[in-house]
Amino acid sequence: NRICLPAMLITTFNNPNYFHWTTMPGLVPLMLQDYFKIDNQNQQVLLLSSSNRHKLPNYIDDILGIVAPEKEIYKSKTIGSKINTRFCLQQIKSEVGVSELLTKWWNKKLEYKFSSSFFPKRRLFVSRKNSSKRRCINEDILYDSLRKLGFEFIALEKLSVFNQLKLFSEASIIVTTHGAGLSNLLACKQGTKI
């Protein structure tokens, strides 16, 4: 297929997990476009590229529905551009980091969606019981102690992206094992304890 419109190619070939789609390199091109006030955003289409080995995850539509609901999206395997590429951002063997600029951009995208959470009060225990990596070996004992302090048991894999972000925006304290679900910290209010 050939698309003759301004387009932005977004891909995470090397590591297509939730963290990399919500932060780096995933949404950084959209954030930079807003930051530098690049024109033609209204007519621009998003091209989402995947490989045979790494398919596009199901949550991509949810994420883009939050941060770029007005954009038309084309999905395909191994999309490329041979001409008229003005700018390219690629992350190669770099340490993973989330900039303050990216965090502020996400906060701005989410502020009107979760305006009811100005004073977060929920205490969350985020489980990794169903994960293949970094499970807490004494999770049941830990949660039993935390439940007495008012913590709720949460399994993120059962929630939509929107509901995950909403939940984190309502949290005053979050206890969990390290994992991609911590990308949802982008929705937390200032002062949330992790």
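Refer to the structure printed above.
From a predicted model like this one, the values you see are computed outputs, not experimental measurements.

(A) Spatial organisation of the overall build of the chain. What the chain contains, in helices and strands, is six helices and six strands. Across the chain, helices and strands are ordered from the amino to the carboxyl terminus as β-α-α-β-α-β-α-β-α-β-α-β. For the chain, buried positions account for 37% of its 194 residues. Put simply, 73% of the contacts in the chain that link residues at least 6 apart link residues at least 24 apart. Accessible area of the chain: about 12500 Å², with a carbon and sulfur share of 53%.

(B) Spotlight on the packing of aromatic side chains. This model, assessed by the stated rule, comprises seven aromatic pairs. Here Phe 114 and Phe 162 contribute two aromatic rings whose centre-to-centre distance is 5.1 Å and whose plane-to-plane angle is 50 degrees, an arrangement assigned as tilted. Within this pair, whereas Phe 114 is found in the loop between α4 (100-110) and β4 (122-126), its partner Phe 162 is found in helix α6 (residues 161-169), the two being separated by 48 residues in sequence. Ring geometry for Phe 125 against Phe 153: centres 6.1 Å apart, planes inclined by 40 degrees, an arrangement best described as tilted. Of this pair, Phe 125 sits in strand β4 while Phe 153 sits in strand β5 (residues 151-154); the two residues are 28 residues apart in sequence, bridging distant segments of the chain. On the accessibility criterion, Phe 125 (2% relative accessible area) is buried.

(C) Region of interest: the sheet that holds β5. Sheet architecture is open: three strands sit in the order β5-β4-β6, paired in parallel fashion. Two strands lie at the open edges of the sheet, namely β5 and β6 (171-176), each paired on one side alone. For this sheet the average axis-to-axis angle between neighbouring strands, irrespective of direction, equals 30 degrees. Two elements, β4 and β5, share four bridges in a ladder whose sense is parallel. Paired with Phe 125 across the strands is Phe 153, a residue of β5.

(D) Molecular detail of the sheet that holds strand β2 (residues 45-50). Across the sheet, three strands lie side by side as β1-β2-β3; this open sheet has parallel pairing. Both outer strands of the open sheet, β1 (7-11) and β3 (72-77), are each paired with one neighbouring strand and no more. The mean inter-strand angle of the sheet, taken between neighbouring strand axes irrespective of direction, is 25 degrees. Bridge count between β1 and β2: five bridges; the pairing is parallel. When the bridges of β2 are listed, Leu 9 appears paired with Leu 47.

(E) Quick peek at the pattern of salt bridges. Tallying each qualifying case throughout the model produces eight salt bridges. In this structure, the salt-bridge partner of Glu 100 is Lys 104, at a minimum N-O distance of 3.2 Å. Of this pair, Glu 100 and Lys 104 both sit in helix α4, separated by four residues, roughly a single helical turn. Residue Glu 100 shares its accessibility class with Lys 104, and that shared class is exposed. Close ionic contact of Arg 147 with Asp 144 constitutes a salt bridge, the shortest N to O distance being 2.3 Å.

(F) Region of the structure containing the pairing of β3. Pairing analysis gives six bridges linking β2 to β3, with the strands arranged parallel. In the strand pairing of β3, Ser 49 is matched with Ser 76. A crossover links β2 with its parallel partner β3, the connecting element being helix α3 (residues 60-67), and its sense is right-handed.

(G) Region of interest: the side chain of Gln 164. Structurally, Gln 164 can be placed in helix α6. The buried category is assigned to Gln 164, whose relative accessible area is 8%. A polar side-chain atom of Gln 164 sits 3.3 Å from the main-chain carbonyl oxygen of Leu 156. Setting aside residues up to four positions removed in sequence, Gln 164 forms contacts with Tyr 18, Leu 156, Leu 159 and Asn 184.

(H) Structural view of the nonpolar core. Counting 36 residues, the largest nonpolar core has Leu 30, Val 67, Trp 106 and Leu 165 as the members making the most contacts within it. In this structure, Trp 106 is in contact with Thr 22, Leu 27, Ile 63, Ile 66, Val 67, Leu 165 and Leu 186, ignoring residues within four places of it in sequence.

Reading the values: the criteria
- Residues numbered from 1 in each chain as written.
- Predicted model: local features only at pLDDT ≥ 70, side-chain atom pairs only at ≥ 80, totals over all residues.
- Heavy atoms only, no water.
- Helix = DSSP H or I, 4+ residues; strand = E, 2+ residues; numbered from the N terminus.
- Buried < 20%, exposed > 50% of the residue type's maximum accessible area, 1.4 Å probe, protein only.
- Contact = heavy atoms within 4.5 Å.
- Areas by Shrake-Rupley, 256 points an atom, 1.4 Å probe, with all protein chains shown as cover.
- Phe/Tyr/Trp six-rings, centres within 6.5 Å; stacked < 30°, edge-to-face > 60°.
- Pairing = 2+ DSSP bridges.
- Axes fitted to C-alpha atoms, helices over the stretch in contact; angles between N-to-C directions.
- Salt bridge = Lys/Arg side-chain N within 4 Å of Asp/Glu carboxyl O.
- Right-handed = clockwise from strand over helix to strand, strands pointing away.
- Polar contact = N/O pair within 3.5 Å; in protein donor to acceptor, adjacent residues only side chain to side chain.
- Core = buried A, V, L, I, M, F, W, Y, C linked by side-chain atoms within 4.5 Å.

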